[in-house]
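# Architecture at a glance
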Amino acid sequence: MSELRGVIVSHAAVAQALVSAVTAITGIEGVLTPVSNDGCGTEALGQRLREAVGTGPAVLFVDLPGGSCFTSSARYAKQGGADIAVVTGVNLAMLLDFVFHRDIQPADAARRAVDAGAKAIRVTSS
Amino acid sequence: MTLALYRIDDRLIHGQVVVGWGQPLDVAFIVLVDDEVSSSDWEQDLYRMGVPAQIEVIFASVEQAASLLPAWEADPRVGFLLVGDIDTAVALAARVPQLKRFNVGGVHHRTGRKERLRFVYLTDDEAAKLRQLAARGVDVTAQDVPTARAVPVTEFT
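A brief look at the structure comes next. (Residues numbered from 1 in each chain as written. Chains lettered and ligands numbered in written order. Predicted model: local features only at pLDDT ≥ 70, side-chain atom pairs only at ≥ 80, totals over all residues. Heavy atoms only, no water.)

## A look at the sheet that holds strand 1 (residues 5-9) of chain B
Residue and element names in this part refer to chain B. Taken together, seven strands build an open sheet; the order of strands is 3-2-4-1-5-8-9 and the sheet is mixed. Because the sheet does not close on itself, it has two edges, and the strands there are strand 3 (56-60) and strand 9 (151-152). Bridge analysis of strand 1 against strand 5 (residues 101-106) gives three bridges, and the strand direction is parallel. Across the sheet, residue Ile-8 finds its bridge partner in strand 5, namely Val-104. (Pairing = 2+ DSSP bridges. Helix = DSSP H or I, 4+ residues; strand = E, 2+ residues; numbered from the N terminus.)

Right under this line is the structure:
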């Protein structure tokens, strides 16, 4: 398994809840790190991202395609180059797929996550 | 003044602005006043991504905003004006004497700042600048979302 990590960046406690859910379902720990924007300006959130990502390649899973979580993540990814990819609209399905498929490049993992997440969104009643 | 919100928020365009304030007030355009963002296409693309397509986003430097403010005020649509820090608010107010209110929506922790409210951290110098704005007739209050109480500047500086 590669060192590719996932960092979930969200408002309030969404990120922590998603990490807990992935661990409860798969038993896999230590792959996903939650980051909340609670009480953060741009500078503080950037620092939380740096601490969460560390030195290795990572995919940043952001809750919304805009707002402070997204803008901070996109800035961080721009600095990190090919080692960092950003996915918006995080959901549990894409994270469950991600933790089992990390032996690829961040950009490929991001595309795979988007596919897995989108497939889980469907209408099941009329 | 017909702009519905003049806001100081170091996150600039984000959920509280677009959804928290934008939905109940039916905002149609957002003016982001920031010298750095106004000169960066990449930063502007980032901020546009957080805004639904039906809401126009306008980027301006302080100088541009000072000259364009009368046109934004005359716009029949609902608009917001955002700045990212207190110095920008002070600079804009100095150029536009008719600017009479500012909402402090989010100024977060940084070295040298002290907590004044859950969402407002200020250095003593920043607090003094807000009081000076108020002394010049600008109504300065702190309020993160519309459902919260607007806290007068005297209560948090």
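## Describing the packing of aromatic side chains
Counted according to the given criterion, the structure contains two aromatic pairs over all chains. Aromatic side chains Phe-61 of chain A and Phe-98 of chain A sit 5.0 Å apart centroid to centroid with 75° between the ring planes, which places their arrangement in the edge-to-face category. Taken together, the residues Phe-61 of chain A in strand 3 (residues 58-62) and Phe-98 of chain A in helix 4 (residues 92-100) connect sequence positions 37 residues apart. The buried category is assigned to Phe-61 of chain A, whose relative accessible area is 0%. Arranged with centres 6.2 Å apart and planes meeting at 80°, the rings of Tyr-6 of chain B and Phe-102 of chain B form a pair that is edge-to-face. Residue Tyr-6 of chain B is found in strand 1, and its partner Phe-102 of chain B is found in strand 5; the two are separated by 96 residues along the sequence. For the pair Tyr-6 of chain B and Phe-102 of chain B, one class covers both residues: buried. Residue placement shows Lys-78 of chain A over the ring face of Trp-42 of chain B; its charged tip is 4.0 Å from the ring centre. (Phe/Tyr/Trp six-rings, centres within 6.5 Å; stacked < 30°, edge-to-face > 60°. Buried < 20%, exposed > 50% of the residue type's maximum accessible area, 1.4 Å probe, protein only. Lys NZ or Arg CZ within 6 Å of the ring centre and 35° of its normal.)

## Remarks on the interface of chain A and chain B
Opposite the 14 residues of chain A that make contact, chain B presents 13 residues. Summed over both partners, the interface of chain A with chain B comes to about 1200 Å²; 59% of that surface belongs to carbon and sulfur atoms. At the junction of chain A with chain B, the criterion picks out four residue pairs in polar contact (both at pLDDT 80 or more). Elements with a contribution of two residues or more to the side of chain A that touches chain B: helix 2 (42-53) and helix 3 (68-80) of chain A. Looking at the side of chain A that touches chain B, its residues break down into four nonpolar, seven polar and three charged. (Contact = heavy atoms within 4.5 Å. Buried area = accessible area lost by both parts, 1.4 Å probe. Polar contact = N/O pair within 3.5 Å; in protein donor to acceptor, adjacent residues only side chain to side chain. Nonpolar A, V, L, I, M, F, W, Y, C, P; charged D, E, K, R; others polar.)

## Observations regarding the pairing of strand 4 (residues 79-83) of chain B
Residues and elements named next belong to chain B. A large share of strand 4 lies buried, amounting to five of its five residues. Residues of strand 4 alternate between two faces, with Gly-79, Leu-81 and Val-83 on one and Phe-80 and Leu-82 on the opposite face, all of them buried. Note: strand 1 against strand 4, four bridges, orientation parallel. Each residue of the ladder has a partner; that of Arg-7, found in strand 4, is Leu-82.

## Looking at the sheet that holds strand 3 of chain A
Residues and elements named next belong to chain A. If you trace the four strands from one edge of the open sheet to the other, you get 2-1-3-4, paired in parallel fashion. Strands at the two margins of the open sheet, each flanked by one partner only, are strand 2 (32-36) and strand 4 (84-88). Direction aside, neighbouring strands of the sheet carry axes that sit 20° apart on average. Where strand 1 (residues 5-10) lies against strand 2, five bridges are found, and the strand directions are parallel. If you follow Gly-6 over to strand 2, its bridge partner there is Leu-32. In this fold helix 5 (residues 106-119) packs onto strand 3 and strand 4, with an angle of close to 15° to the strand it touches most, strand 4. (Axes fitted to C-alpha atoms, helices over the stretch in contact; angles between N-to-C directions.)

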